[in-house]
Amino acid sequence: MPVPHPFPYQGSKRAIASDILRYLPRDTDRLIEPFCGSAAVSIAASAQGLAREFWLNDLNEPLMRLWSSILDTPEEIAGSYMALWVAQRPDRKAFFDKVRRQFNRSPRPDLLLYLLARIVKGSVRYSATGEFNQSADNRRSGMRPPKMRQQILGVSLLLAGKTKLTSVDFREVVRQATERDTIYLDPPYQGTSYTRDHRYSQGMPFDELVEELSEMNGRDLSYILSYDGRTGDKTYGKPLPTELGLFHMTISAGRSTQATLQGERLETVESLYLSPALVERLGVGSLHDKGETQWGQMELLPG
Ligand SMILES: C[S@@+](CC[C@H](N)C(=O)[O-])C[C@H]1O[C@@H](n2cnc3c(N)ncnc32)[C@H](O)[C@@H]1O
């Protein structure tokens, strides 16, 4: 059965969720995603029966209200989406602009779902004044309502009743995590404005992230971090300091769609970092012996 996904989201880890989940310890009680976005990793983990409980958090509050609707009142949100989708005819461009204005006045979950379904590649953008300002992909109408309903009900079945939802800074979530949890961290790259929160409108400051990771290491927390990567020769994200003692791996994420559009055939490679406590818990300490230092590296192929 394909894993359900109600909306596209820039930076979604949907394509590599199974690769990431290879590093989820089998004794994980709770999987925590402090930067959940489209929650691709938690949805896949639930579909594979890899964790009993989940905690999804994202600083984008309307997004978390959308998650709450999807999990707790799936039929209702699927119905509202259908009404919007049908009403967009005959002029879906003008309709999108109207919904976006309405969302900026009153950020209702159904309006956000419609916007996410219509924008280019799920790339959420907010202006400096906190207004959602991404434009529509006017070549497409957005996911058809029957398919959307199926995705929403599917996700609700996988996560409702076992998932805590919050919208706070990731540090507040991490502060409450315990050694028995596993945390999947997927912070935004610098320069990406996923959220209307001013402080993070330019992405996660590198130093703040490093400081928090160091704190997490001190508490023996198990975490998997997605941070940098490369497409062809172009790397993105600064390498993390070796003093953090993270185990570094790369995952081949396939062809870059952007590069393919530009007629190039470039591979995208994403980094994964495992915390020392996680490596210990997984019992893959032996991997260190194969490399010279804890800064080991393996190439993983998808599938
Ligand atoms: C790269 S995306 C996560 C994508 C996600 N892994 C998925 O599969 O869809 C990063 C997310 O972090 C959120 N974010 C940004 N700053 C944050 C913060 N300080 N605390 C919590 N979430 C934050 C953004 O709103 C965005 O949804």
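Treat the numbers as computed from the prediction; the structure is a model and nothing was measured.

## Some words on the overall build of the protein
- What the protein contains, in helices and strands, is 12 helices and 9 strands.
- For the protein, the residues scored as buried account for 39% of the 303 residues in total.
- Residue pairs at least 24 apart in sequence account for 69% of intrachain contacts in the protein once pairs closer than 6 positions are excluded.

## Considering the site of the ligand
- Not every one of the 20 residues close to the ligand is listed here, only the nearest: Gly 11, Phe 35, Gly 37, Ser 38 and Tyr 194.
- For the shell around the ligand, the class distribution of residues is 10 nonpolar, 6 polar and 4 charged.

## Quick look at unusual backbone geometry
- Cis peptide bonds are those with omega within 30 degrees of zero, and the linkage from Arg 89 to Pro 90 qualifies with 5 degrees.
- Mapped onto the elements, Pro 90 comes out in the loop between helix 4 (74-87) and helix 5 (92-105).
- A positive phi is found at Ala 39, a non-glycine position, where the angle reads about 55 degrees.
- Its identity is not glycine, yet Asp 220 carries a phi of approximately 55 degrees, on the positive side.
- Mapped onto the secondary structure, Asp 220 falls in the loop between helix 9 (206-218) and strand 5 (222-231).

## A few points about the pairing of strand 4 (residues 182-185)
- Where burial is concerned, the two faces of strand 4 agree: the one with Thr 182 and Tyr 184 and the one with Ile 183 and Leu 185 are both buried.
- In the sheet, strand 1 (residues 30-33) pairs with strand 4 via 2 bridges, with the strands oriented parallel. Within strand 4, the position partnered with Leu 31 by the bridge is Thr 182.
- Judged from the 4 bridges that link them, strand 4 and strand 5 form a sheet pairing that is parallel. The residue of strand 5 that forms the bridge with Leu 185 is Leu 225.

## Describing helix 3 (residues 61-72)
- Between its first and last C-alpha, helix 3 extends 16 Å over 12 residues, near the 16 Å set by a 1.5 Å rise per residue.
- Taken residue by residue, helix 3 has Pro 62, Leu 63, Leu 66, Trp 67, Ser 69, Ile 70 and Leu 71 as its buried positions.
- Of the surrounding secondary structure, the elements contacted by the buried residues of helix 3 are strand 2 (53-57), helix 4, helix 6 (109-118), helix 7 (145-159) and strand 3 (163-166).

## A few points about the nonpolar core
- Counting residues in hydrophobic clusters, the biggest one holds 74 residues, and the most contacted among them are Ile 20, Leu 113, Ile 224 and Leu 274.
- No fewer than three residues from each of domain 1 (14-59 + 171-300) and domain 2 (69-151) sit in this core.

## What about the confidence of the model for the protein?
- Looking at the protein as a whole, its pLDDT mean stands at 87, while 86% of the residues score no less than 70.
- Predicted confidence is poor over residues 288-303, with pLDDT under 50, and the contacts of this stretch with residues over four places away or in other chains come to 27 contacts.

## Description of the packing of helix 3 against helix 6
- Between helix 3 and helix 6, whose axes approach to 8 Å, the crossing angle comes to 100 degrees. Here helix 3 lies roughly perpendicular to helix 6, going by the angle between them. Here Pro 62, Leu 63, Arg 65, Leu 66 and Ser 69 of helix 3 lie close against helix 6, whose contacting residues are Pro 109, Leu 112 and Leu 113.
- The class makeup of the residues in the contact of helix 3 with helix 6 is 6 nonpolar, 1 polar and 1 charged.

## A look at the environment of Gly 142
- Summarising the element assignment, Gly 142 is placed in the loop between helix 6 and helix 7.
- C-alpha of Gly 142 to C-alpha of Leu 115: the two residues are 27 residues apart in sequence and 8.8 Å apart in space.
- Not counting chain neighbours up to four residues away, the residues in contact with Gly 142 comprise Trp 85, Tyr 114, Ala 117 and Arg 118.

Rules of the game
Residues numbered from 1 in each chain as written. Predicted model: local features only at pLDDT ≥ 70, side-chain atom pairs only at ≥ 80, totals over all residues. Helix = DSSP H or I, 4+ residues; strand = E, 2+ residues; numbered from the N terminus. Buried ≥ 20, exposed ≤ 12 C-beta atoms within 10 Å, placed from the backbone. Contact = placed C-beta atoms within 7 Å. Near = placed C-beta within 6 Å. Nonpolar A, V, L, I, M, F, W, Y, C, P; charged D, E, K, R; others polar. Pairing = 2+ DSSP bridges. Expected span 1.5 Å × (residues − 1). Core = buried A, V, L, I, M, F, W, Y, C linked by C-beta atoms within 7 Å. Domains from an automatic or database assignment. pLDDT = per-residue confidence, 0-100. Axes fitted to C-alpha atoms, helices over the stretch in contact; angles between N-to-C directions. Parallel < 35°, antiparallel > 145°, perpendicular 65-115°, else oblique.

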